[in-house]
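These are the residues of each chain, in order.
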Amino acid sequence: ANLTDFQNAMYGDNYDVIMVTETWLNNNIPNSFLDFQGLYEFVRCDRQITVGGGVCVAIKKSLRSCTVGLSIDATDLELVAVDIFGCNFKFRVVNVYRPPYYNETARSSALILCDELSRLSSVKWPCFIVGDFNCPNICWAKCSAPNDGIQDIVLRFINENNFMQLVNEPTRNSNILDLVLCNQPLLVCDLDVQCPIGNSDHCAVQFSIVHETDEPRVAPQNQGELVYDWQRADFVSM
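Residues numbered from 1 in each chain as written. Predicted model: local features only at pLDDT ≥ 70, side-chain atom pairs only at ≥ 80, totals over all residues. Heavy atoms only, no water.

*Asks:* Lay out the pattern of salt bridges with the relevant residues and their values.
*Replies:* In the structure shown here, the tally under the stated rule is six salt bridges. In this structure, Arg 44 engages Asp 46 in a salt bridge whose closest nitrogen and oxygen atoms are separated by 2.7 Å. Residue Glu 104 pairs with Arg 107 through a salt bridge whose shortest N-O separation is 3.1 Å. Linking Glu 104 with Arg 107, this pair stays in helix H3 (residues 104-120), spanning three residues, or about one helical turn. (Salt bridge = Lys/Arg side-chain N within 4 Å of Asp/Glu carboxyl O. Helix = DSSP H or I, 4+ residues; strand = E, 2+ residues; numbered from the N terminus.)

*Asks:* Describe in detail the packing of aromatic side chains, supporting the description with residues and values.
*Replies:* Applying the stated criterion across every chain yields a total of six aromatic pairs. Both rings, one in Phe 128 and one in Phe 207, keep their centres 6.5 Å apart while their planes meet at 25°; by these two values the pair is stacked. Of the two residues, Phe 128 is situated in strand E7 (residues 127-132) and Phe 207 in strand E11 (residues 204-209); the sequence distance between them amounts to 79 residues. Grouping residues by exposure puts Phe 128 and Phe 207 together as buried. An angle of 35° between the planes, with centres 5.2 Å apart, marks the rings of Tyr 228 and Trp 230 as tilted. Residue class for Tyr 228 comes out exposed when judged on its relative accessible area of 68%. Through pairs of rings, three or more aromatic residues link up here, namely Phe 89, Phe 91, Phe 128 and Phe 207. Of note, Lys 90 hangs over the ring of Trp 125, and the distance from its end group to the ring centre comes to 3.7 Å. (Phe/Tyr/Trp six-rings, centres within 6.5 Å; stacked < 30°, edge-to-face > 60°. Buried < 20%, exposed > 50% of the residue type's maximum accessible area, 1.4 Å probe, protein only. Lys NZ or Arg CZ within 6 Å of the ring centre and 35° of its normal.)

*Asks:* How would you sum up the sheet that holds strand E3 (residues 55-60)? Please name residues and give values.
*Replies:* Strand order in the open sheet formed by three strands is E1-E3-E2, with antiparallel pairing between adjacent strands. Of all the strands in the sheet, just strand E1 (17-21) and strand E2 (40-45) have a single pairing partner and so form its edges. On average, adjacent strands in this sheet sit at an angle of 10° to one another, irrespective of strand direction. Where E2 and E3 come together, six bridges link them in antiparallel fashion. Note that in E3 the partner of Glu 41 across the bridge is Ile 59. (Pairing = 2+ DSSP bridges. Axes fitted to C-alpha atoms, helices over the stretch in contact; angles between N-to-C directions.)

*Asks:* A description of the sheet that holds strand E5 (residues 78-85) should follow, citing residues and the corresponding values.
*Replies:* Strand order across the open sheet formed by six strands is E4-E5-E6-E7-E9-E8, with mixed pairing between neighbours. Two strands in the sheet have a free side with no partner beyond their single neighbour: strand E4 (64-68) and strand E8 (164-165). Here six bridges tie strand E6 (residues 90-97) to E7, and the two strands are oriented parallel to one another. Counterpart to Asn 95 in the pairing with E7 is Val 130. Packing of H3 onto the sheet brings it into contact with E4, E5, E6 and E7, and relative to E6 it is tilted by some 170°. (Contact = heavy atoms within 4.5 Å.)

*Asks:* So what's going on with a nonpolar patch on the surface? Residues and values would help.
*Replies:* On the surface, a nonpolar cluster with roughly 590 Å² of combined accessible area is contributed by Tyr 228, Trp 230, Phe 235 and Met 238. On the secondary structure map, Trp 230 appears in the segment after E11. (Patch = residues over 30% accessible without salt bridge, like charges linked within 9 Å, V, L, I, M, F, W, Y side chains within 5 Å. Areas by Shrake-Rupley, 256 points an atom, 1.4 Å probe, with all protein chains shown as cover.)

*Asks:* Summarise the pairing of E7; cite the residues concerned and give the values.
*Replies:* Among the six residues in E7, six count as buried, and that is most of the element. What you see with E7 is no split at all: Cys 127, Ile 129 and Gly 131 on one side and Phe 128, Val 130 and Asp 132 on the other are buried throughout. Taken together, E6, H3 and E7 form a β-α-β motif whose crossover is right-handed. (Right-handed = clockwise from strand over helix to strand, strands pointing away.)

*Asks:* Pulling in residues and values, what's your account of unusual backbone geometry?
*Replies:* Glycine aside, the phi torsion of most residues is negative, and most peptide linkages are trans. The phi angle at Glu 22 is positive, at roughly 55°, despite the residue not being glycine. Secondary-structure assignment places Glu 22 in the loop between E1 and helix H2 (31-34). Assessed through its relative accessible area of 30%, Glu 22 is described here as partly exposed.

*Asks:* Any details on the side chain of Lys 60? Residues and values, ideally.
*Replies:* Within the fold, Lys 60 resides in strand E3. Ignoring any residue separated from it by four or fewer positions in sequence, one finds Lys 60 in contact with Asn 14, Tyr 15, Asp 16, Leu 39 and Tyr 40.

*Asks:* Please provide a residue-by-residue account of the side chain of His 202, values included.
*Replies:* Inspection of the secondary structure puts His 202 in the loop between strand E10 (188-194) and E11. Within the structure, His 202 has its side chain in polar contact with the side chain of Asp 178 (distance 2.9 Å). (Polar contact = N/O pair within 3.5 Å; in protein donor to acceptor, adjacent residues only side chain to side chain.)

*Asks:* Break down helix H4 (residues 151-160) for me, citing the residues and quoting the values.
*Replies:* Most of H4 is tucked away: seven of the 10 residues are buried. By the burial criterion, the buried members of H4 are Gln 151, Asp 152, Ile 153, Val 154, Leu 155, Phe 157 and Ile 158. Summarising the contacts, the buried residues of H4 are in contact with H3, E7 and strand E9 (178-182). Asn 162 lies just past H4 and shows a positive phi near 60°.

Here's what the structure looks like:
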């Protein structure tokens, strides 16, 4: 999408977090060009050599966030990870772009990508992985993929790390290319595949994350605070 469309998404719809793949950004485009009102913090991974690609996460400055470092083996990946937190919640978002290649180099990169995603998702708080994986032949209904050394590797990562893929409508033509993965899917609500932003050839995916607010809990007057008694919970029934 062009710059004006991106700004309309930020200012018109007032999103807390915006994750963009194929940004086509480079060192000559400062964050102030994207957000002239200064409402967001940006975490970017621009493609350094060739034109195109790149990923970006924009986080509302009213939220606290911390960029998560990548391992040395992942320096050639188009990927960013950010922890977003408040007093009563914390979650990790990872934005990924995998170019649509299926050669030997792409197979090697897919292994590195999934190893890095496994490392990034090995935390105690919820993790959301989104982006364009360019895996059109994964059948999410049957949980199957062709053995091409890429799509089967991505699907194996999802299954072995207890993620659920939540997008069930095509995001480009008849293919589900843009994924939303979460290891605590009950936290995701109102997921909606929407029309592309501007002249983008991919649909936009919008969703909400359920979490506790940072407002202090106030117990009713003359009453104790209500808490869950987990030691007596019927976990089998739940």
